[in-house]
Amino acid sequence: MSESVQAEQVSQRTSNLSVLLRALRRAPRSRSQLAKQSGLYKATVSNLVTELADRGLVRPAGLRAGGHGRPSQLVELRGESAYGLALSIEADGFAALTIDLAGATLIQRSVPADVAALGLDSGMDELAALAEVVCEGLDGPPIGVTISVPGLVDTDCQVLRFAPALRWRDAGLADLLAARLGIGLAGITVENEANLGAFAEVLAGAGAGVRELFYLSGGIGVGGGLVSGGILLRGARGFAGEIGHITVDPLGDGCLCGRTGCLETKASFPALLRAAASPPDSLNDPALGVDARVAALRARILGGDQRASAAVHDLGVALSTALSTVVDLVDPEVLVLGGYFAGLAEWLVEPIRITLAARTTGPGRRCRVLASPLGTSAALLGAAHLATERLFADPTLAPAASDRDPSENGRELGELSAASSQASTEVSL
Ligand SMILES: [Zn+2]
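None of the values given here were measured: they were computed from a predicted structure.

Q: What exactly am I supposed to notice about the overall build of the protein chain here?
A: Along the protein chain, the regular secondary structure elements total 12 helices and 16 strands. Within the protein chain, the proportion of its 429 residues that are buried is 50%. Considering only contacts in the protein chain between residues 6 or more positions apart, those separated by 24 or more positions represent 64%. Surface summary for the protein chain: the accessible area is close to 18,700 Å², and the carbon and sulfur share equals 51%.

This is the structure in structure tokens:
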């Protein structure tokens, strides 16, 4: 047999292992159910399930009563067999999360910080220290690491090109983290936070099962993530979806990006708070965090504060203007308001929906506008799922029992698997 034919068969087997492991992500299945769902022969499925079990990724899960014949043995994902590490860098702090293979949260921590003032080197020191904290006590290294950032990421080389809110440019974040943790680069992915938010919404949020979706992320900046045909679209260099720097007011304020009147100058969280209250009002105190200040703003609107109401009304107008353009361009089935926008959904969803529906041409009339159920944690959750996605894409990253070195138990974080597969943001499951 030629080497190329052998390689093709190995690759097809890996692909089939991946299909079955993904099918088990939703619920336990019998071999017959897996065969029906995957289109593979039942004998092939049995063979592949044996390999997944040998790699420690699945286990028996009781019996399923059959309609007529014998009850069949169910197989389930072994959630504790691996975990993914998500790290998030925002202008106002760092966050870290570990999830197991079944998607259950293991440990989550966050640290408030003025990241722009810290600078790149000290910022990455803080992030690495937080990574050590959430991985402490877990079995072995993470199967993958994803770093979420509020800026433009060159995904070919995992470099953050520009994050206005952090004031970081051309930062090789994967290299910097790998050096601090003493790990290989292969399992580290750097991704834009809005793209990760979109990924999380399609997996487990407002867009579950939706294949055409635009996700709008509101935070210190404003970003967008686009899923089309079930796949996250990045554009030629990974910069697609940068809705925050669409011009909505050519005579407006200067933006951190150097241009004038960008959506971000009107719809970023700091811009909204400046419109809602003048410093030294507590709404403008970053130490309180985003969620607490959204709750305080809501209380003011409900209490009849006219300035707060007007600020959120103007926010809705700015978002409607930008989203009308987006909807005409990409025709999404669902538009998700994420980040801090989700906490103000009762004053934003309806005005945006009415603006889109009033357009007599284009696809806006049929587009559903929904608030994200994941709120400000969507990007971190998406990052965690992308980290474990690496193993779903290539289950052979988990060593087979026959190949496993008994001394591997208790490996340090620094020994992250050196296998070269990158996580994929193909979101169809
Ligand atoms: Zn801008």
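Q: What exactly am I supposed to notice about the coordination of the zinc ion here?
A: Six octahedral donors around a metal ideally subtend angles of 90 or 180 degrees, whereas four tetrahedral donors ideally subtend 109.5 degrees. Coordination sphere of the zinc ion, protein contribution only: His 245 (ND1), Cys 255 (SG), Cys 257 (SG) and Cys 262 (SG), at 2.0 to 2.3 Å. Each donor residue of the zinc ion lies on one chain, and together they are spaced H-x9-C-x1-C-x4-C. Taking the relative accessible area as the measure of exposure, Cys 255 reaches 12% and is therefore buried.

Q: Explain the sheet that holds strand β9 (residues 159–163) to me, please; I cannot follow it from the model alone.
A: Each strand in a sheet pairs with its neighbour through backbone hydrogen bonds, running either in the same direction (parallel) or in the opposite one (antiparallel). If you walk across this open sheet you meet the 3 strands as β8-β9-β10, and the pairing is antiparallel. Both edges of this open sheet fall to β8 (152–154) and β10 (168–171), since each of them pairs with a single strand only. Strand-to-strand twist of the sheet, defined as the mean angle between neighbouring strand axes without regard to direction, takes the value 20°. Pairing geometry for β9 and β10, over 3 bridges, is antiparallel. Counterpart to Phe 162 in the pairing with β10 is Arg 169.

Q: Which parts of the structure should I look at to understand the pattern of salt bridges?
A: Per the stated rule, a full pass over the model turns up 17 salt bridges. Among the ionic pairs, Glu 51 bridges to Arg 55, the shortest N-O distance being 2.9 Å. Comparing Glu 51 with Arg 55, the two get one shared label, buried. Linking Asp 170 and Arg 161 is a salt bridge whose minimum nitrogen-to-oxygen distance equals 3.1 Å.

Q: What is the right way to read the packing of aromatic side chains from this model?
A: Remark: the centre distance and the inter-plane angle together describe each pair of aromatic rings, the angle taken between the planes. Counting across every chain of the model gives 2 aromatic pairs. Plain terms: the ring middles of Phe 269 and Tyr 340 are 4.7 Å apart, the flat faces sit at 50° to each other, and that makes the pair tilted. Here the residue Phe 269 occupies a position in helix α8 (residues 269–276), and Tyr 340 occupies one in the loop between β15 (334–339) and α11 (345–357), the gap between them amounting to 71 residues. In this structure Tyr 340 comes out as buried when scored by relative accessible area, which is 1%. Residues Tyr 340 and Phe 341 carry aromatic rings whose centres are separated by 4.6 Å and whose planes lie at 50° to one another, so their mutual orientation is tilted. With respect to class, Tyr 340 is no different from Phe 341; both count as buried. Through pairs of rings, three or more aromatic residues link up here, namely Phe 269, Tyr 340 and Phe 341.

Q: Please clarify how the side chain of Thr 98 should be interpreted in this entry.
A: With respect to the element layout, Thr 98 can be found in strand β5 (residues 93–100). Setting aside anything within four residues of it in sequence, one finds Thr 98 in contact with Tyr 83, Gly 84, Leu 85, Ala 104, Thr 105, Leu 106, Ile 107, Val 134, Cys 135 and Leu 138.

Q: For this particular structure, what's the right way to read the side chain of Thr 14?
A: Its location among the elements puts Thr 14 in helix α1 (residues 3–26). For Thr 14, a relative accessible area of 15% corresponds to the buried category. Those residues within four positions of Thr 14 in sequence are excluded, and the remaining contacts are Ala 393, Asp 394, Pro 395 and Thr 396.

Q: Would you mind going over helix α4 (residues 115–135) with me for this structure?
A: Owing to its 3.6 residues per turn, the α-helix brings residues three or four apart onto one side. In a regular helix each residue adds 1.5 Å, so 21 residues correspond to 30 Å; α4 covers only 22 Å between its end C-alpha atoms and thus falls short of that length. Along α4, the sharpest kink reaches roughly 85°, centred on Asp 121. Turning to α4, its buried residues are Val 115, Ala 116, Gly 119, Gly 123, Met 124, Leu 127, Ala 128, Leu 130, Ala 131, Val 134 and Cys 135. Lining the buried residues of α4 we find β4 (83–90), β5, β6 (105–112), β7 (144–149), β10 and α5 (173–181). Just downstream of α4, Gly 137 is the residue with a positive phi angle, here 85°.

Procedures and definitions
In this convention, every chain numbers its residues from 1, walking through the sequence in written order. Only residues with pLDDT of at least 70 are given local features in this predicted model, and only at 80 or more are side-chain atom pairs given and counted; all residues enter the totals for whole chains, interfaces and linings. By convention in this description, side-chain values take in all heavy atoms of the structure and omit both hydrogens and water. The helix count covers DSSP runs of H or I at least four residues long, the strand count covers runs of E at least two residues long, and both are numbered beginning at the N terminus. Per-residue accessibility, obtained with a 1.4 Å probe over protein chains only, is compared with the maximum for each type, and a residue is labelled buried under 20%, exposed over 50%, and partly exposed between these values. Whether two residues are in contact is decided by their heavy atoms, any of which lying within 4.5 Å being enough. What sets the accessible areas is the Shrake-Rupley method with a 1.4 Å probe; for residues, cover comes only from the shown protein chains. Distances define the donors: N, O and S atoms within 2.8 Å of the metal qualify, as do those within 3.2 Å of Na, K or Ca. Water is excluded, so some sites may look unfinished. By definition, two strands form a pair when at least two bridges between them are found by DSSP. Inter-axis angles, ranging from 0 to 180 degrees, are taken between N-to-C directions of lines fitted to C-alpha atoms, where helices are fitted over the stretch in contact. The salt bridge criterion pairs a side-chain nitrogen of Lys or Arg with a carboxyl oxygen of Asp or Glu, the two atoms within 4 Å. Each pair of aromatic rings taken from Phe, Tyr and Trp, with Trp reduced to its six-membered ring, is defined by centres within 6.5 Å and is described as stacked if the planes are under 30 degrees apart, edge-to-face if over 60, and tilted in the remaining cases. Between the first and last residue of a helix there are one fewer steps than residues, each counted as 1.5 Å, and that sum is the expected span. The angle between axes fitted to the seven residues ending at a residue and the seven residues starting there is what we call the bend at that residue.

Remember that the coordinates give geometry; whether it matters functionally is a separate question.
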